[in-house]
Amino acid sequence: MAQAIADPAPSTRPPDALRRSLGSALLYGLGFAILVWSYQGADIRPMALFADAGNMATFAAEFFPPDFAQWRYYISEILITLQIAVWGTFLAIIFAIPFGLMAAENLSPLWLRQPVRRLMDSFRAINEMVFAMLFVVAVGLGPFAGVLAIFVHTTGILAKLFSEAVEAIDPRPVEGIRATGANVLEEILYGVIPQVIPLWVSYSLYRFESNVRSATVVGMVGAGGIGVVLWEVIRGFYFAQTCAVMLMIIVTVSLLDMLSSWLRRRFL
Amino acid sequence: MTHWAVEVRNLSKTFGGGRKALDGVSITVAAGEMVALIGASGSGKSTLLRHLSGLVAGDRRAGAGAIKIGGAAVQANGRLSADVRRIRGDVGFVFQQFNLVNRLTVITNVLIGTLGRLPLWRTLLFRFPETERRRAIAALQRVGIADWAFQRAATLSGGQQQRAAIARAMVQGAKLVLADEPIASLDPEAARRVMESLAELNRGDGVTVIVSLHQVQFAMRYCPRTIALRSGQVVFDGPSAALTPQKLAELYGAEAEELLLGEAPTPAKTSPRGTIGFPRPVEALAIAAAG
């Protein structure tokens, strides 16, 4: 763009434009080809939705009216799910702070940064669900396996986000502190942390929100909480109860989203 | 005092691309002096001051220069001395862009001056002794901004922030204060107050002050002695009164005008990384929400 403006000879423009439009045509073509190629593998059958519409309607009808008979039990299990998310997120924050600082380009030497980053990559690359299945084997069925699964995965995510916030700080206040004879720990505590704290709080709250959702899912592989209940009622074809559980999860998650966005506004 | 407060011997610094920022600089400043360092933009003033505090190391080769402060080596031949942190504790640094931590209160910023000498357990827990807090308030009173002590530094004007930085050097108990263009980002009235505070520190406490300026009239008013740099070399070292317009024209040619008017717009020095604030929040939040 800037080149085209700077160039006084208009004769060079048409080939440029042509090349650009050829390039984008190729890109669109490639995108279309990928969609076509994936169509079969993903077994896309839109007609099935209509052909089996009757089944779908029967299936949906069984969800209503929702059956709240055991609501006390559901609430106590939802609380366990929240408690899993609270501890998983808390442990992750505690560990993500040193890992995040060690992964930041402007604080950490290459020999430390690279191994820490790769470790965090591997924490992040594997889904909570997979970790949950492994921890269920290691520490047995129940909420603690869920806590560990969420903790490990979230540490990987928060460490990356924390380190990116650290890399974006203004280096000048830190240099001002260094010039007083402070050591590296003091530079970080007084110069770096105050600059990143609003972002760190915000990221942590976001992760807590999504960890509540994850805690529901990890429950389904036996790691405790409302997820276990959900899995049982679905497997037992108790659709009215399934509906009740799902509605209660939706309400819980919405309330927490509201609470956490209110908290975030207060910190930023 | 028998030893020199500052001794720079044959210091050279070459940046990438072979540009010589400092070229065989040798100066000595006695304890208790107030010295101006003048020169046009890019003449090496900032670079020299940053070397004095050991924030930058000179060229790494034998005979590339050495710096001593109070008789102790800061760096030699491009290697920082092992106890550079201890020396920095005695050297206050005042920056053009103030370099305060915006989200901390003014008094905490001033108390940062004590980090070098307080035990680590205190500083890591933000436990400053009562006596240090009193000293901090007293220093803020001296520079005239005690009323703002418990506000965030970001809420202060540029001139007030710079005076807070000077208060930090006072609390630090600095025996030498290096001020790098402390008034370049300030209006004339704020500039005058900052220079008064520095002169007060020099006269009242006997602190050695080296202040880089690019307005000769401030050098003549506040500093008995001036060292002039051009292209990384010392081209003048003597009484400020000798810097007549003729002398400046002789030293700097066309650049002399910038030094005389002192109104040449100074682009705020960008940070080395060039990234201030929090870029890419959207992308980061996208990662936070996914996962």
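Here is what the cut-offs are and how they apply
- Residues numbered from 1 in each chain as written.
- Chains lettered and ligands numbered in written order.
- Predicted model: local features only at pLDDT ≥ 70, side-chain atom pairs only at ≥ 80, totals over all residues.
- Heavy atoms only, no water.
- UniProt positions renumbered as here; feature names shortened; annotations may be inferred.
- Helix = DSSP H or I, 4+ residues; strand = E, 2+ residues; numbered from the N terminus.
- Expected span 1.5 Å × (residues − 1).
- Buried < 20%, exposed > 50% of the residue type's maximum accessible area, 1.4 Å probe, protein only.
- Arc of directions from axis to C-beta.
- Contact = heavy atoms within 4.5 Å.
- Patch = residues over 30% accessible without salt bridge, like charges linked within 9 Å, V, L, I, M, F, W, Y side chains within 5 Å.
- Areas by Shrake-Rupley, 256 points an atom, 1.4 Å probe, with all protein chains shown as cover.
- Salt bridge = Lys/Arg side-chain N within 4 Å of Asp/Glu carboxyl O.
- Polar contact = N/O pair within 3.5 Å; in protein donor to acceptor, adjacent residues only side chain to side chain.
- Pairing = 2+ DSSP bridges.
- Axes fitted to C-alpha atoms, helices over the stretch in contact; angles between N-to-C directions.
- Buried area = accessible area lost by both parts, 1.4 Å probe.
- Nonpolar A, V, L, I, M, F, W, Y, C, P; charged D, E, K, R; others polar.
- Domains from an automatic or database assignment.

All names here are of chain A. The feature "transmembrane region" (unreviewed entry), as annotated in UniProt, sits at residues 21–39, 78–104, 125–152, 213–231 and 237–259 in this numbering. Along residues 78–104, the helical share is 93% and the strand share 0%, with 37 Å between the first and last C-alpha atoms. Between the C-alpha atoms that bound residues 125–152 the distance is 11 Å, and the span itself is 82% helix and 0% strand.

Within the UniProt annotation, "domain: ABC transporter" (unreviewed entry) is assigned to residues 6–256 of chain B. Counted over residues 6–256 of chain B, helix gives 34% and strand 25%. Its end C-alpha atoms are 28 Å apart.

Residue and element names in this part refer to chain B. Taking 1.5 Å of rise per residue, the 13 residues of helix α5 (residues 130–142) would be expected to cover 18 Å, and the 18 Å separating its terminal C-alpha atoms lies within 8% of that figure. Among the residues making up α5, those that are buried are Glu132, Ala136, Ala139 and Leu140. Seen end-on, α5 carries its buried residues on one side only, within an arc spanning 100°. The outward face of α5, more than 90 degrees from its buried face, is lined by the exposed residues Thr131, Arg134 and Gln141. Among the structural elements, α3 (106–111) and α6 (158–172) are those in contact with the buried residues of α5. Gly144 sits one or two positions beyond α5 and adopts a positive phi of about 85°.

Attention shifts here to the UniProt feature "domain: ABC transmembrane type-1" (unreviewed entry) in chain A. Feature annotation in UniProt assigns "domain: ABC transmembrane type-1" (unreviewed entry) to the following positions: residues 78–260 of chain A. Within the segment residues 78–260 of chain A, helix and strand shares are 84% and 0% respectively, and the terminal C-alpha atoms sit 18 Å apart.

Another point: a nonpolar patch on the surface. Residues and elements named next belong to chain A. There is a patch of nonpolar side chains on the surface, built from Phe68, Trp71, Ile75, Leu79, Leu247 and Ile250 and spanning about 530 Å² of accessible area. Only α5 (71–102) and α12 (239–267) provide two or more residues apiece to the nonpolar patch. At three residues, the largest contribution of residues to the nonpolar patch is made by α5. Following the sequence through the fold, Ile75 ends up in helix α5.

So, about the side chain of Thr123(B). Position of Thr123(B) among the secondary structure elements: in helix α4 (residues 120–124). Separated by 3.1 Å, the side chain of Thr123(B) and the backbone oxygen of Leu120(B) make a polar contact. Contacts of Thr123(B), omitting those with residues within four sequence positions, involve Glu186(A), Leu189(A), Tyr190(A), Leu115(B) and Leu118(B).

All names here are of chain B. On the basis of which strands lie adjacent, the open sheet formed by six strands has the order β7-β8-β9-β3-β10-β11 and mixed pairing. With partners counted over all chains shown, the strands left at the sheet margins are β7 (91–94) and β11 (233–239), one partner each. Going across the sheet, the axis of each strand differs from the next one's by a mean of 15°, ignoring polarity. Across four bridges, the pairing between β7 and strand β8 (residues 176–180) is parallel. The partner of Phe93 across the bridge, within β8, is Leu178.

All right, on to the environment of Ala242(B) then. Residues and elements named next belong to chain B. Inspection of the secondary structure puts Ala242 in the loop between β11 and α9 (245–252). Judged by its relative accessible area of 34%, Ala242 falls in the partly exposed class. Spatially, the C-alpha atom of Ala242 lies 33 Å from that of Ile87, the residues being 155 residues apart in sequence. Apart from the residues lying within four places of it in its own chain, the contact partners of Ala242 are Phe236 and Lys247.

Take the interface of chain A and chain B next. If you look at the interface, chain A gives 39 residues, while chain B gives 43 residues. Carbon and sulfur atoms make up 62% of the area that chain A and chain B hide from each other, which totals about 3600 Å². When residues of chain A are sorted by the area they lose upon contact with chain B, Arg172(A), Thr180(A) and Tyr190(A) head the list and together hold 20% of the total. Taken together, chain A and chain B are joined by one salt bridge. Put simply, Glu175(A) and Arg50(B) hold a salt bridge, and the shortest N to O gap is 2.8 Å. On inspection of chain A and its partner chain B, the count reaches six residue pairs in polar contact (both at pLDDT 80 or more). Every element with two or more residues in the side of chain A that touches chain B is listed here: α8 (143–167), α9 (171–178) and α10 (184–219) of chain A. Top element by residues in the side of chain A that touches chain B is α10(A). It accounts for 15 residues. Split into classes, the residues belonging to the side of chain A that touches chain B amount to 19 nonpolar, nine polar and eleven charged.

Residue and element names in this part refer to chain B. By domain assignment, chain B separates into domain 1 (1–88 + 206–269) and domain 2 (91–174). With centres defined by C-alpha atoms, the gap from domain 1 to domain 2 works out at 26 Å. Surface buried jointly by domain 1 and domain 2 totals about 670 Å² across both partners, of which 57% is contributed by carbon and sulfur atoms. At the boundary of domain 1 with domain 2, the tally comes to zero salt bridges. For the pair domain 1 and domain 2, the number of links is three residue pairs in polar contact (both at pLDDT 80 or more).

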